[in-house]
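Structural description and commentary
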Amino acid sequence: MDLSALNQPQREAVLCVDGPLLVLAGAGSGKTRVITHRIVHLLERGAAPGAIVALSFTNKAADEMRERLHKMIGKAADELVLGTFHSVGVRMMRETPEGFGVPKRFGILDQGDQYGLVRTMLRDHGHHGPGAERRYDLGAIVQRISLWKNEFVSPEEAADPRRQESEYDQVAAELYPAYEERLGALGAVDFDDLVCRIAHRLAADAALCAFWRDRFHYLLVDEYQDTNRAQLEVVRRLAGPRENLCVVGDDDQAIYGWRGAKVANILGFDLYFPRARVIKLEQNYRSLPPILACANGVIVNNKGRHDKRLIPQRRGGEPVTVVVAEDGEQEARWVAGKIRKLVVDEARRPEEVAVLYRSAKQAEVIEELLQEHGIAYRILGGQAFYDRKQVKDVLAYMRVLVTPRDDLSVRRALDVPSRGVGSKTLARLDSFAQARGLSLLEAVHRARELPELGARQITALEGFSELVRRGQAIHHSGGSAVGALRSMITACGLRDAVAHDASSAEQASQKWAAVEGLFGGLERFEQRARDRGERPRWSDYFGTLDKEREEEGDQATGKVTLTTLHSAKGLEWPIVFILGCEEGTMPHKRVAAPRISDAIAGDIEEERRLFYVGITRAQDRLFLTRADARVERGQPQKRLPSRFLAELPAAHFTVYEVAKREALTTEALESMADALLARLATPG
DNA sequence: CTTGCTCTAGTTAGG
DNA sequence: CTAGAGCAAG
């Protein structure tokens, strides 16, 4: 392998294969390159591809890694164990289910199921519904249970009054054992189990641990600053005394403390692995010097961190621009106008531009304006396509069609659109099915046999039963499953229900557009299978929904990116805007004013890291915008500049005030540009 | 069981 | 201001 493209510390990180290694990889320091080269190096030294495990946090990151390796080593890349902690966890559990104490075919609860479970448990325990003196935030309860599991706090320990600081801790501790029991009864695990159960069992079962240690000889962990306690434990157990472990991360980019990540894992790496070697990658190839000066100037204000800084490898560059607008509207107009100038006048490609913000809602205004200006955009973060209610509903129908024994999906389909089948009827069907060992759908087909059901309910259930039979008839007679799905969806009136729920015609068509997008994805999948002369394997489709979205629906080319700061991590653009650099937004006000439902207190240093992550996304030009006032909850509010702006080194930024007059000038320019464009667009 | 009114909260994400 | 959730009436 050619190592000449690497700098000295990068080369060391690639070659240092014995013992534990911590690579502190600053933003833009060529981290991915180190990981891929290291893997290739291991292979060249004779490691079996299947013995190399590289763990990451998202499927997307894992796929990108595999893609890069594919280019370097070809087919051998397919044998590497590259995946998320969770996906590798599933893989291990499927292979040795008895070792991990799960049934051969265990189910995995998604967040919706999990919430549903906790909701009913709250009710059963009298904390919800009539007579309850308090309404609990479901998410806060679920989060606590999740955090406990990941920190190996047993239900008994959680119930210890000494560790209960709020009412929420009490209620969560009360439900925790019942929740675990219920999971067991369902033969299912939740996402947390995919990691913490692995940790538990590897610790408790020496033979099992030996088996997996023998399989996985070389461990790599990416984004190590995001690992939690359970993930650390999995890594330790798998590494064993051999400690052939390389972790890569950046404590300055730790922004997931609120979901249980422990910066201590990376800060105290040498405590857990005393033999550890530490290599710092500080040379930054991404950004121009003023941007890095700002990044360094901000991040040095944090206390608990590894001492390091970003050293520019590029030259030149303009100072960072701090843009001050009078209000949120003006801020948005200025940004959108600037983007248009960049794209129209300076011929920058839209994909070179990104707009970053703290919370997903901030995208709306920009979105609108970009639409007005006819500039294409894509939105990262926020609610994922497959999490949207309409999409989930239609997907439930699809599952009823192709995997009719999937009770959860039957339940969901039965519920939407409303057809007069509520919780009572469902409970009766459930016990009927349970008693005879039937699936829920079979019980629905035999609704007539249930004497306790009302005539209305029976009619409704028979309607549903008929709907499904027709769909299945089309599907099984060799017709298109998606065609069958379409006819079911049309017949059941889901579209009307969506229209009815929406608050405007525009919103209705937006929501339905998501459904059409899903149909499109399903059709392409079906078509591809046909092209190969096979029957579509829907279980594969359901298993790779996210990838489908990435490949089909989310092409970045020709589009400006709008994203939350969190989702921006790991990405980069030539031109970056960061909106709302104000107290209350960044740092977010909830950090200063926590709630009793907050399981983890906010952390000002984490907010600073988030800002730092934003800054370091920019390659060439960076605009930090803020408004002096903003409409909040319908009322205008005065806003103060973010304290982080005061940390920028004076020599490396300039302030640009969007005065009223200039805003007018901007608009005047815009309308001139419009006129010009219109003339250009008209032939002759 | 569904509908419509009232109340409340309003960060960040992923498997 | 607005979306989602809970509650009381049809």
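This one's a predicted model, so the numbers in the text were calculated from it and none came from an experiment. (Residues numbered from 1 in each chain as written. Chains lettered and ligands numbered in written order. Predicted model: local features only at pLDDT ≥ 70, side-chain atom pairs only at ≥ 80, totals over all residues. Heavy atoms only, no water.)

With 14 residues, helix α20 (residues 423-436) extends 20 Å from end C-alpha to end C-alpha; this agrees with the ideal 20 Å at 1.5 Å per step. Taken together, the buried positions of α20 are T425, L426, L429, F432 and A433. Buried positions in α20, seen along its axis, are confined to an arc of 125 degrees and lie on one side of it. Facing away from the buried side of α20 by more than 90 degrees, the exposed set consists of S423, K424, Q434 and A435. At its buried positions, α20 is contacted by α19 (407-415), α21 (440-445) and α22 (455-476). (Helix = DSSP H or I, 4+ residues; strand = E, 2+ residues; numbered from the N terminus. Expected span 1.5 Å × (residues − 1). Buried < 20%, exposed > 50% of the residue type's maximum accessible area, 1.4 Å probe, protein only. Arc of directions from axis to C-beta. Contact = heavy atoms within 4.5 Å.)

Structurally, the position occupied by S465 is in helix α22. Note: C-alpha distance between S465 and K31 (434 residues apart in sequence) is 55 Å. If sequence neighbours within four positions are ignored, S465 has contacts with V444 and H445.

Right, let's get into the side chain of E223. Its place among the elements puts E223 in the loop between β6 (218-221) and α12 (229-239). On the accessibility criterion, E223 (16% relative accessible area) is buried. Residue contacts for E223: discarding those within four places in its chain leaves K31, F57, V248 and K569.

What follows covers the pairing of strand β14 (residues 560-564). In terms of burial, β14 is a largely internal element, five of the five residues being buried. Burial along β14 is two-sided: the residues V560, L562 and T564 and T561 and T563 are all buried. As defined by bridge partners, strand β12 (residues 353-357) adjoins β14 across four bridges and the pair is classed as parallel. Across the sheet, residue L356 finds its bridge partner in β14, namely T563. The pairing of strand β13 (residues 377-379) with β14 spans three bridges and is classified as parallel. (Pairing = 2+ DSSP bridges.)

Judged by pairing direction, the sheet is parallel, and its six strands sit side by side in the order β3-β2-β6-β7-β1-β8 without closing on themselves. Every other strand in the sheet has two partners, leaving β3 (81-84) and β8 (277-281) as the edge strands with one partner each. In this sheet, neighbouring strand axes are inclined to one another by 15 degrees on average, regardless of whether the strands run parallel or antiparallel. In the packing of helix α1 (residues 8-15) onto the sheet, contacts are made with β1 (21-25) and β8, and the angle to β8 comes to roughly 145 degrees. In this fold α12 packs onto β6 and β7 (245-249), with an angle of close to 160 degrees to the strand it touches most, β6. (Axes fitted to C-alpha atoms, helices over the stretch in contact; angles between N-to-C directions.)

Moving on to the protein's contact with DNA strand B. What surrounds DNA strand B is a group of 31 residues, the closest being Q111, F191, R358, G420 and T564. Considering DNA strand B, the proportion of its atoms within 4 Å of the protein that are sugar or phosphate atoms stands at 50%. Within the side chain of T84, a nitrogen or oxygen atom sits 3.4 Å from a sugar or linking oxygen of DNA strand B. Tallying contributions element by element places α20 first for the surface near DNA strand B, with three residues. For the surface near DNA strand B, the class distribution of residues is six nonpolar, 16 polar and nine charged. (Near = heavy atom within 4 Å. Polar contact = N/O pair within 3.5 Å; in protein donor to acceptor, adjacent residues only side chain to side chain. Nonpolar A, V, L, I, M, F, W, Y, C, P; charged D, E, K, R; others polar.)

To continue, consider the packing of aromatic side chains. This structure, assessed with the given rule, holds 14 aromatic pairs. Look at Y256 and W258: their rings are 5.7 Å apart centre to centre, the planes differ by 45 degrees, and that puts the pair in the tilted class. Judged by its relative accessible area of 41%, W258 is partly exposed. By way of ring pairs, the aromatic residues W334, F577, F623 and Y656 are connected into one cluster. (Phe/Tyr/Trp six-rings, centres within 6.5 Å; stacked < 30°, edge-to-face > 60°.)

Okay, the nonpolar core next. By size, the foremost hydrophobic cluster in this structure holds 50 residues, and its most contacted members are Y397, L414, L429, F464, L485 and W538. Residue contributions to this core peak at eight residues, all from helix α18 (residues 389-402). Contacts of Y397, omitting those with residues within four sequence positions, involve A413, V416, P417, R419, F464, L467, L485, M488, I489 and C492. With 41 residues, the next largest nonpolar core counts L22, L24, V221 and V247 among its residues. (Core = buried A, V, L, I, M, F, W, Y, C linked by side-chain atoms within 4.5 Å.)

Before going further, it helps to examine the pattern of salt bridges. Two side chains that carry opposite charge are able to pair once their charged atoms sit near each other. Per the counting criterion, the structure on display carries 47 salt bridges. The salt bridge involving R630 is made with E582; its shortest N-O contact spans 2.5 Å. With a gap of 48 residues between them, R630 in strand β16 (residues 618-632) and E582 in the loop between β15 (573-578) and α29 (589-592) connect regions that are remote in the sequence. A residue is classified by how much of its surface remains accessible, and R630, at 16% relative accessible area, is buried. Take E582: its relative accessible area is 0%, and that puts it in the buried class. (Salt bridge = Lys/Arg side-chain N within 4 Å of Asp/Glu carboxyl O.)

Looking now at the side chain of H41. For H41, the location among the structural elements is in helix α2 (residues 31-44). A distance of 3.3 Å separates a polar side-chain atom of H41 from the backbone oxygen of V14. Excluding residues that lie within four positions of it along the chain, H41 makes contacts with M1, V14, L15 and V17.

Okay, the environment of S439 next. By the element assignment, S439 lies in the loop between α20 and α21. S439 sits in the buried class, given a relative accessible area of 9%. Along the backbone, S439 and G304 are 135 residues apart, and their C-alpha atoms lie at a distance of 55 Å. In this view, S439 contacts P404, R405, D407 and A433; residues no more than four positions away in its chain are not counted.

All we've got here are geometric facts, nothing functional implied.
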